[in-house]
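Residues per chain, in single letters:
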Number of protein chains: 4
Amino acid sequence: MNTFGKLFTLTSFGESHGPATGGIIDGCPAGVAIDMDCIQAELDRRRPGQSSLTTSRRESDRVEFLSGIYGGMTTGAPIGFTVKNENQHSDDYNDLKDVYRPSHADFTYQMKYGLRDPRGGGRSSARETVARCVAGAVAKTVLRQKGISIQAYASQIGNIRLDGSYTDYDLNLTETNAVRCPDAQKASEMEALVRKIKGEGDSVGGVVSCVVKGAPAGLGEPVFGKLHAALGAAMLSINAAKGFDYGDGFDAPLFKGSEHNDEFFNDNGNISVRSNYSGGIQGGISNGQDIYFRVAFKAVATLLREQKTVDKNANEVILKARGRHDPCVIPRAVPIVEAMAAITILDFVLIEN
Amino acid sequence: MNTFGKLFTLTSFGESHGPATGGIIDGCPAGVAIDMDCIQAELDRRRPGQSSLTTSRRESDRVEFLSGIYGGMTTGAPIGFTVKNENQHSDDYNDLKDVYRPSHADFTYQMKYGLRDPRGGGRSSARETVARCVAGAVAKTVLRQKGISIQAYASQIGNIRLDGSYTDYDLNLTETNAVRCPDAQKASEMEALVRKIKGEGDSVGGVVSCVVKGAPAGLGEPVFGKLHAALGAAMLSINAAKGFDYGDGFDAPLFKGSEHNDEFFNDNGNISVRSNYSGGIQGGISNGQDIYFRVAFKAVATLLREQKTVDKNANEVILKARGRHDPCVIPRAVPIVEAMAAITILDFVLIEN
Amino acid sequence: MNTFGKLFTLTSFGESHGPATGGIIDGCPAGVAIDMDCIQAELDRRRPGQSSLTTSRRESDRVEFLSGIYGGMTTGAPIGFTVKNENQHSDDYNDLKDVYRPSHADFTYQMKYGLRDPRGGGRSSARETVARCVAGAVAKTVLRQKGISIQAYASQIGNIRLDGSYTDYDLNLTETNAVRCPDAQKASEMEALVRKIKGEGDSVGGVVSCVVKGAPAGLGEPVFGKLHAALGAAMLSINAAKGFDYGDGFDAPLFKGSEHNDEFFNDNGNISVRSNYSGGIQGGISNGQDIYFRVAFKAVATLLREQKTVDKNANEVILKARGRHDPCVIPRAVPIVEAMAAITILDFVLIEN
Amino acid sequence: MNTFGKLFTLTSFGESHGPATGGIIDGCPAGVAIDMDCIQAELDRRRPGQSSLTTSRRESDRVEFLSGIYGGMTTGAPIGFTVKNENQHSDDYNDLKDVYRPSHADFTYQMKYGLRDPRGGGRSSARETVARCVAGAVAKTVLRQKGISIQAYASQIGNIRLDGSYTDYDLNLTETNAVRCPDAQKASEMEALVRKIKGEGDSVGGVVSCVVKGAPAGLGEPVFGKLHAALGAAMLSINAAKGFDYGDGFDAPLFKGSEHNDEFFNDNGNISVRSNYSGGIQGGISNGQDIYFRVAFKAVATLLREQKTVDKNANEVILKARGRHDPCVIPRAVPIVEAMAAITILDFVLIEN
C-alpha cells in the first residue's frame, strides 16, 4: 500500500539509504505547465540541513522527471521521478542491524516481514516524504490554476503554542523564520526551545496547522469518502503523526450546539455563514469556506543520548547515540502537510469535475 | 464512495426515511458461525430510544440477512442485509425542504448534487450507521475467534472528562450506565449534564475512547496504509466526528523524546515495553501492545430551539424547532466506534494472513 | 470481490435459493429521472420462463428500490435494491449437497471455502445476474441522455452463425424472436436447434455480439485501464463466458497491417475513417466510431440426462437429472451483455467527465 | 490508471523516447531471493533486435533496482526500478507531430488529452511493456517457489496455426526458434511468412497461447473477480491485443454440454477430471488443473510503406514510411503474455493466502 489517492494518485518508493527515492504521479490532468523551479522550491523546503535547527544530513535533493511531461507540459501520462540519495552511509548502521530502537519501526518491521533494511530505518525513514513533496508540488500547480491555495504553519512546539486561530496571523510571515511560525515572538521562543532540546540530545514534537482557501463547495463524498476523513488519512500517513482534527476539533465537546452551529445569513444576496466552527466541511463535504485542520506530531524517536533497549534476541543493550539528529520535525513537516493536503484536495476536485 | 475496506468491506445504503437501510458485507471468511442474537445485541446498543437521554425515535431495528449465510455459517459469499425504517414521518420534513439547517449537510448536499432528499437529512442521517453496526458485529465475531477484543467508552461529555487512561478503569462497567462511562461518579455527572442540556433544547458533544486488545504484531502497512491512518479514516467517517488521535495523541508534543520513547526490555525472555505511549502502533504497524485511540464528536446540529438561517433562495428564516432530538451522540457513538474499529482491524488481519 | 466499477459501481449479493438477490449501485449521478417501467422491462428480458426455449423456473422478478431515489429522481446516494427469490425449492438440492456436478462450481467452491451452499449452485447461479440487469438498466438510462445506445444480439448458437457483421442487420429485429437474433432465417434455425437440444436433455452455447453507438472519443485509459480490457473483464464475469474479442478480434491475425489499418480521411471537413477494424477503440481509447465486440458462451453444465461424477469423498456416482433446465443461455445472455456494457461505458464516461 | 493488481501491484511509467521507463512493484512478499540474471533474462526475451525478424531498434535494456531489495532479498518495501531508453531519436518524429497514423493511438490521445507526445507513440508505445517484464520476472520468482510455472508460445502467425492443443507439443522447444513456436515445422513456416511480410514493408498478427501449471485449486473470486476475467483484463491490456479466450473458448459453442462437461472420476482415491475443456477454471475459480488461454494480436499499425491519412487539421496527407519496423509482435509478445499471467496469478495467490 504505497499508493495514495483515487484519481490523482502518488505511488512512492525508496529507502533512506538506497540509491534513490521516487515515485509515480498518476492521473494528473494533461496540459498543465510545470515550473521546475517551483517544484524544486517545495523540495527545498523539506530538505534536511536548511537551518541549524534541523538535521545536518546534507542532500541536494534534485528531482529528475522521467516521463509524463513533454515540452514543459503534462501529457496525461504517469509522471515518473527520482531523487538521488547522495548521503548514504550504510556502514553507520551495521551495529544497529540487530537492535530495536525504542519507538522506531525496527521491531514492527521485523515482526511483519521477518527481516528489515537496517540502514537509517529503511522504508520507515522520513526520507520517503521526498516523493510526497514532489507530488504535492505538482498538485499545488494544478490547484493554483483553480484558485485554491494551501498554507501550513507551526502552531505548537513543545509547550509553546499559538493562542489564536489562523485568522489571527499573517501567514505570509510563516517562511520568515526557521520554525515556520507566523508569530515572530512565538517563533523566537520555539527556536530557543528547539536549540535547548538539541543541546540535550533530545527531541520535541508539536502541531502543524493548515488552511485551504478557495476550495469550492461540493468536494468530498458522504459516508466513507468524507473530505475530512481523507484529509485525516493523508495526515496520519506522515511519519510521527499522532492526531488530526479539523474545525474546532478536540475543542468541539466544550461547546453546546447552540454555541457552535454555523448560522447562515444573507450576505448581500449570497448565502454565507457567521462562523466557521465546521472548518469548511459539513456532512463530509466542503461548503466553500476555509478548510482548516491540525496535525499533532510526537518527538522523533532518534536521540543523541544513550537509551536502554533490546536486540532481536531479547538481550538488553545500551543504544549508543551518535551521528545526525533532527531535534524537531515540525519545521520540515510544514511543507509535507501542505503536500499531502494538496494531493488530497486535487483528488476530490478531479472526482467532482 | 459508500464502500469501506479493502478485503473485508462494507458497502452501505439507506436514508433516514426511506423504506430501509442496509448493506453488503464482502470478504467475510467462510465457515464463521453467526450468532444472530449477538448481532442484534450490537444493533440494540445503537438503537434510538434506549434511555431517556437519547432521541425518542422508536425503531425495533431488526436486521434481516438475505444472503451469505447458510446453516448458520458464513459461506464466503457477500452478506446482504436490510433493516427496515419503521418510523417514517416524511411529512414532518415538508417545511424543511428548502431550508438549510445550520451545521447540517443540507447546504453542502444541495451544492454537490443540485437536489436533496430533505426527509431527516436523507443520506447524511446517522441512521446510516445501522449498517456499520451490523458489519461491525460480524467483524467482532471473527475477531473474537482470534482473541481480539474491542471496547469503547465515553471519556468526555461537555467539560466532564475522565482524567485517567483506559488502564485506570474497569471497562466492564461501561454498559452499566446510560452514558457508557466506566467511572460511576463521572457517569453520573455526565448524565446530569445531558439531562440539563436536553431540557434546554440544546446539545453537547464529547469524546469516545477505544482500546483494542489482543491484536497481533504486524497489522498495518508502512507509508499509506498505516494502521492508525486507517483507523483515523474509519472514525472520521462517523457522523459528527471532529478529530482522532492515538497513543498520547495531541498530548505528544508536551513530551520530549526521552520521556515518551517506549523502552524495550527483556521480560522473562520475551521482548516487552515499559510504556505504551505509541498506542500499540509503531511505524504504522501494530506491535502487539494494546491499541488505543480517541474520537472527538461535536454537539449534534439539531436543536429543539429556534435558530436563524436561510432557505435556498437566501431568504433569512427562523428554523422552527420541534419533534425528536438527541441531545448527545456519545452514548450511541460508543458501539459505532467499536464497529468501525472491528471492521478496520479485521481488514488488516485478513490482509496480513 | 462482488463490486464492479470505479466511479459507477455495482456491488451485488444473493444466492439462487436465498430469500432475495439484490445490490447497491453507487456513484450514479444525481438528478436522473428513473422510469420504473424501463427498469422492470430490462429485468423481464432476463427473466426465466419467457419462452418455451428457456428454463421453466418462474419468477416475477420485481425489483424494489430501497434508497437513492426521491421523487422519481436519483439523489446521488447509493441505490439499494432487492429482488425476491420466489421460486425456492431448497429440498430439491438435498441429494446434491455432497455431489460435485461436472463443470459446475461445486468442486471449486468447496476447495476455496471449505463449505458451500448447495441450493441451486448458491452464489455461482446465474440468478446473480438479476442485479446486473437492474444496474445496467439504470446505467442505460443515464447513457441514453448522453446519446449512447447499446444493442446486443445472438450471433451464433451451436454451429449456426451469422455470416455478416452487425452493420449487415437491422438490430431492431432482435427482440422479434425468442433467440434474439436479428436475422429471421437464422433465428428460425437457431430456435429449431435449441428445441432439438432441449428434447435431448442437453445444452448448447453460442456467441453474443454487441455494439455501442454514440460513445464519444476519449473513453478509456492507456495501459491498464484500456476500454476493451474493462469491457473484456465485464463480459468474462458473466456466467458461462469463455471468450471476448473486439473489432476484428480473433480474425485479426488473418489480415496484414496494410489490409486492416483504418485509414483516416477528410469527410467534408471532419476527420473520419474508411473502415473500423479497430472496433471503435485505438490504443485502448474510444475514437468515436461504433464499439463492437463478441462474447463466447459455453453450453450450460446442467443437463437433463444422467452424468457420471463423484461426491466429496471421491465416490463415483451417477448424477440424476431432473427438474428445470435451460438448454441455451444465449437469449437471456443478450440483456446481460448489454447491462454489463452499459455499466462499463458509463463508468468511463464519468471518469472522463 | 497505470496500476495493475490488488495486493501484488505494478505501477508503470515511461514513454518511448523519454529518458527512461520503469515502475514500482508493490506487495511483493518479503524474504524472496532475487536473481538479477533471471530478471535480466526475461527482459532480454522482450528486447528489440533479438533476431532479424523483429525491429532493429537497439536497446541494452538493463534494469536498475532502486529500492525494496536488500542483501539480495526483497524486504516487503516497494520495488522501484528504471530501464534507460538509450535509443532516443526524437527528431525522427518532428514531421509526425501533427499527423494521425492509421490505427495508432495518435488520434485518440489527442482527443482525450488535447495534446500528445509524438515521439514514437509516447505512452502508447510497446516500450511500456518493459516494466511488465520486470514485474513479471519478480512474480515468476515467487511463483516458482510455490511450484507454479507459466509457459507461453506462438500458436498462430498470419494464417499459419498450430492444429493441436498445448498438450500436443514439447513446450521446451519454444525458445529454440525466433518465432517462439514449439513445432519446428510450423516455426519454419512462420519465420518464412514474417520474412516475406517484412520484405513487403507490411506487418502480420497472430495468437499467443499460454499454460499455467501447478496453480492450486481455489484461486479467483466468484462474480466480479473471476480468475479468467482478471487474466482477460491482463492480456487485453497488452498493446495490439484483440481477443482473449480460455479453455475451449470461442470453440465452446460448437460443443454440446454432454460433450464438453468435464467428468469427475476417482483417480486412485483422488478426485480428478477426464477432460479439461474448462481450462482449469470453473465458476471463476481454479480447480487445480492446467490453466490455459489464448490471446489474439493484430498486425502492428506501423508499416514501411506509404499510407493515406490526415493531419490534425483534417488535411489529407501521405504518411511517409521509414526507419525501424517490427513486422510481427508475436515473438516478443510471448514473454509479455507470461509476465502478465505471472502478475495476475501471484496476485490471486496472495489474496487467497
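The coordinates are above.
Residues numbered from 1 in each chain as written. Chains lettered and ligands numbered in written order. Predicted model: local features only at pLDDT ≥ 70, side-chain atom pairs only at ≥ 80, totals over all residues. Heavy atoms only, no water.

## Things to note about helix α3 (residues 129-145) of chain A
Residue and element names in this part refer to chain A.
(1) Moving on: End to end, α3 covers 24 Å across 17 residues, agreeing with the expected 24 Å (1.5 Å per residue, within 8%).
(2) Moving on: Burial of α3 is extensive: 15 of the 17 residues sit out of reach of the surface.
(3) Moving on: Following α3 by one or two positions, glycine 147 has its phi on the positive side, about 80 degrees. (Helix = DSSP H or I, 4+ residues; strand = E, 2+ residues; numbered from the N terminus. Expected span 1.5 Å × (residues − 1). Buried < 20%, exposed > 50% of the residue type's maximum accessible area, 1.4 Å probe, protein only.)

## Here we look at the relation of the copies chain A and chain B
(1) Moving on: When chain A is fitted onto chain B, the two copies agree to an RMSD of 0.0 Å after a turn of 180 degrees and an axial shift of 0.0 Å. The transformation just described matches what one would write down for a two-fold rotation axis.
(2) Moving on: Taken as a fraction of all interface residues of chain A, those also at the interface in chain B reach 100%, which identifies the copy contact as same-surface. (Least-squares fit on C-alpha atoms with pLDDT ≥ 70 in both. Contact = heavy atoms within 4.5 Å.)

## A word on the interface of chain A and chain B
(1) Moving on: In this assembly, 106 residues from chain A lie in contact with 106 residues from chain B.
(2) Moving on: Roughly 7,800 Å² of surface becomes buried between chain A and chain B when both sides are summed, with 62% attributable to carbon and sulfur atoms.
(3) Moving on: Taken as a group, Met1, Phe224 and Lys242 of chain A account for 12% of the area that chain A buries against chain B, more than any other trio of residues on that side.
(4) Moving on: The interface formed by chain A and chain B contains eight salt bridges.
(5) Moving on: A salt bridge links lysine 242 of chain B to aspartate 248 of chain A; the shortest N-O distance between them is 3.7 Å.
(6) Moving on: For the pair chain A and chain B, the interface holds 40 residue pairs in polar contact (both at pLDDT 80 or more).
(7) Moving on: Here the residues of the side of chain A that touches chain B sort into 45 nonpolar, 35 polar and 26 charged.
(8) Moving on: Sheet analysis places strand β12 (residues 241-246) of chain A next to strand β12 (residues 241-246) of chain B, joined by three bridges and oriented antiparallel. Bridging from a neighbouring strand, aspartate 245 of chain A pairs with glycine 243 of chain B of β12 of chain B. (Buried area = accessible area lost by both parts, 1.4 Å probe. Salt bridge = Lys/Arg side-chain N within 4 Å of Asp/Glu carboxyl O. Polar contact = N/O pair within 3.5 Å; in protein donor to acceptor, adjacent residues only side chain to side chain. Nonpolar A, V, L, I, M, F, W, Y, C, P; charged D, E, K, R; others polar. Pairing = 2+ DSSP bridges.)

## Digging into the pattern of salt bridges
Pairing is possible between side chains of opposite charge, provided their charged atoms come close.
(1) Moving on: Under the definition given, this model contains 104 salt bridges over all chains.
(2) Moving on: Among the ionic pairs, lysine 112 of chain B bridges to glutamate 221 of chain A, the shortest N-O distance being 3.3 Å. Pair noted here: lysine 112 of chain B is in helix α2 (residues 106-113) and glutamate 221 of chain A is in the loop between β11 (206-213) and α5 (227-236), and the two residues belong to different chains.
(3) Moving on: With relative accessibility at 12%, the residue lysine 112 of chain B sits in the buried group.
(4) Moving on: The exposure class of glutamate 221 of chain A is buried, given its relative accessible area of 13%.
(5) Moving on: We note a salt bridge from lysine 112 of chain C to glutamate 352 of chain D, for which the minimum N-O separation is 2.5 Å.

## Looking at the packing of helix α5 (residues 227-236) of chain C against helix α5 (residues 227-236) of chain D
(1) Moving on: Put simply, α5 of chain C and α5 of chain D touch, their axes get as near as 8 Å, and they point 165 degrees apart. By the angle between their directions, the pair α5 of chain C and α5 of chain D is classed as roughly antiparallel. With respect to the hand of their crossing, α5 of chain C and α5 of chain D are arranged in right-handed fashion. In this structure, α5 of chain C contributes His228, Ala229, Gly232, Ala233 and Leu236 of chain C to the contact, and α5 of chain D contributes His228, Ala229, Gly232, Ala233 and Leu236 of chain D.
(2) Moving on: For the contact of α5 of chain C with α5 of chain D, the class distribution of residues is six nonpolar, four polar and no charged. (Axes fitted to C-alpha atoms, helices over the stretch in contact; angles between N-to-C directions. Parallel < 35°, antiparallel > 145°, perpendicular 65-115°, else oblique. Left-handed = near helix turned anticlockwise from the far one by under 90°.)

## Points about the side chain of glutamine 307 of chain D
(1) Moving on: Along the chain, glutamine 307 of chain D turns up in strand β18 (residues 307-311).
(2) Moving on: Relative accessible area serves as the criterion here: at 11%, glutamine 307 of chain D is assigned to the buried category.
(3) Moving on: In terms of polar contacts, glutamine 307 of chain D uses its side chain to reach the side chain of asparagine 261 of chain C, at 2.8 Å.
(4) Moving on: Once residues within four sequence positions are removed from consideration, glutamine 307 of chain D is found in contact with Asn261 of chain C together with Pro102, Ala301, Val317, Ile318 and Leu319 of chain D.

## Here's the deal with the sheet that holds strand β2 (residues 9-13) of chain A
(1) Moving on: The sheet built from five strands is open, its strands ordered β1-β2-β3-β7-β4 (chain A) with antiparallel pairing. The open sheet has two free edges, formed respectively by β1 (3-4) and β4 (63-65) of chain A, since each of these has just one partner strand.

## A short note on the sheet that holds strand β4 (residues 63-65) of chain D
(1) Moving on: Here five strands make up an open sheet; going across it, the order is β1-β2-β3-β7-β4 (chain D) and the pairing antiparallel. The sheet is open, and its two edges are formed by β1 (3-4) and β4 of chain D, each paired on a single side.

## Notes on the nonpolar core
(1) Moving on: Membership of the largest hydrophobic core comes to 358 residues, with the highest contact counts inside it found for Phe293 of chain A, Phe293 of chain B, Phe293 of chain C together with Phe293 of chain D.
(2) Moving on: Discounting residues that sit within four places of it in the chain, phenylalanine 293 of chain A has contacts with Val208, Ser209, Cys210, Val212, Leu231, Met235, Phe244, Asp245, Tyr246, Val337 and Ala341 of chain A. (Core = buried A, V, L, I, M, F, W, Y, C linked by side-chain atoms within 4.5 Å.)

## A few points about the pairing of strand β9 (residues 149-157) of chain D
Residues and elements named next belong to chain D.
(1) Moving on: Here β9 lies mainly inside the structure; seven of its nine residues are buried.
(2) Moving on: As paired strands, β9 and strand β11 (residues 206-213) are joined by eight bridges and run antiparallel to one another. In the sheet register, glutamine 151 faces β11, and the bridge partner there is valine 211.

## What about the packing of helix α1 (residues 36-46) of chain C against helix α7 (residues 330-352) of chain C?
Residue and element names in this part refer to chain C.
(1) Moving on: One way to put it is that α1 packs onto α7 with a least axis distance of 7 Å and a crossing angle of 140 degrees. With respect to their mutual orientation, α1 and α7 come out oblique. Taking contact as the criterion, the partners of Glu42, Arg45 and Arg46 in α1 are, on α7, Arg332, Val334, Pro335, Ile336 and Glu338.
(2) Moving on: Of the residues belonging to the contact of α1 with α7, the class tally is three nonpolar, no polar and five charged.

## A closer look at the pairing of strand β12 (residues 241-246) of chain C
Residue and element names in this part refer to chain C.
(1) Moving on: In terms of residue burial, β12 counts as a mostly covered element, since six of its six residues are buried.
(2) Moving on: Pairing of β12 with strand β17 (residues 291-297), which is carried by five bridges, proceeds in the antiparallel orientation. Residue pairing in the sheet places glycine 243 in a bridge with alanine 296 of β17.

## A short note on the state of the cysteines
All names here are of chain B.
(1) Moving on: What the rule picks out here adds up to zero disulfides over all chains.
(2) Moving on: You can see cysteine 28 has no disulfide; the closest cysteine sulfur is in cysteine 38, sitting 14 Å from it.
(3) Moving on: Residue cysteine 28 is classed as buried on the basis of its relative accessible area of 5%.
(4) Moving on: Summary of cysteine pairing: cysteine 328 is not part of a disulfide, and the nearest cysteine sulfur, belonging to cysteine 181, is at 11 Å.
(5) Moving on: Residue classification places cysteine 328 among the buried residues on the basis of a relative accessible area of 1%. (Disulfide = S-S within 2.5 Å.)

## Things to note about the side chain of histidine 228 of chain C
(1) Moving on: Inspection of the secondary structure assignment puts histidine 228 of chain C in helix α5.
(2) Moving on: Judged by its relative accessible area of 3%, histidine 228 of chain C falls in the buried class.
(3) Moving on: Of note is the side chain of histidine 228 of chain C, whose polar atom sits 3.3 Å from the side chain of tyrosine 246 of chain C.
(4) Moving on: Polar side-chain contacts of histidine 228 of chain C include one of 2.9 Å to the backbone oxygen of leucine 236 of chain D.
(5) Moving on: Every residue in contact with histidine 228 of chain C, bar those within four places of it in the chain, is listed here: Phe244, Tyr246, Ile281 and Gly284 of chain C together with Leu236 and Ala241 of chain D.

## What about the environment of tyrosine 292 of chain D?
Residues and elements named next belong to chain D.
(1) Moving on: Considering the arrangement of structural elements, one finds tyrosine 292 in strand β17 (residues 291-297).
(2) Moving on: In this structure, the C-alpha to C-alpha distance between tyrosine 292 and alanine 139, residues 153 residues apart in sequence, is 18 Å.
(3) Moving on: A distance of 2.9 Å separates a polar side-chain atom of tyrosine 292 from the backbone oxygen of asparagine 276.

## A few points about the packing of aromatic side chains
(1) Moving on: For the coordinates displayed, the defined rule picks out 38 aromatic pairs over all chains.
(2) Moving on: With a centroid separation of 5.4 Å and an interplanar angle of 45 degrees, the aromatic rings of phenylalanine 4 of chain A and phenylalanine 224 of chain B are classed as tilted. Of the two residues, phenylalanine 4 of chain A is situated in strand β1 and phenylalanine 224 of chain B in the loop between β11 (206-213) and α5 (227-236); the pairing between them involves two chains. Each of the two residues, phenylalanine 4 of chain A as well as phenylalanine 224 of chain B, counts as buried.
(3) Moving on: Centre to centre, the rings of phenylalanine 264 of chain C and phenylalanine 107 of chain D are 5.4 Å apart; their planes meet at 50 degrees, and the pair counts as tilted. One end of the pair, phenylalanine 264 of chain C, is in strand β13 (residues 264-267); the other, phenylalanine 107 of chain D, is in helix α2 (residues 106-113), on a second chain. As far as burial versus exposure is concerned, phenylalanine 264 of chain C and phenylalanine 107 of chain D are alike and both buried. (Phe/Tyr/Trp six-rings, centres within 6.5 Å; stacked < 30°, edge-to-face > 60°.)

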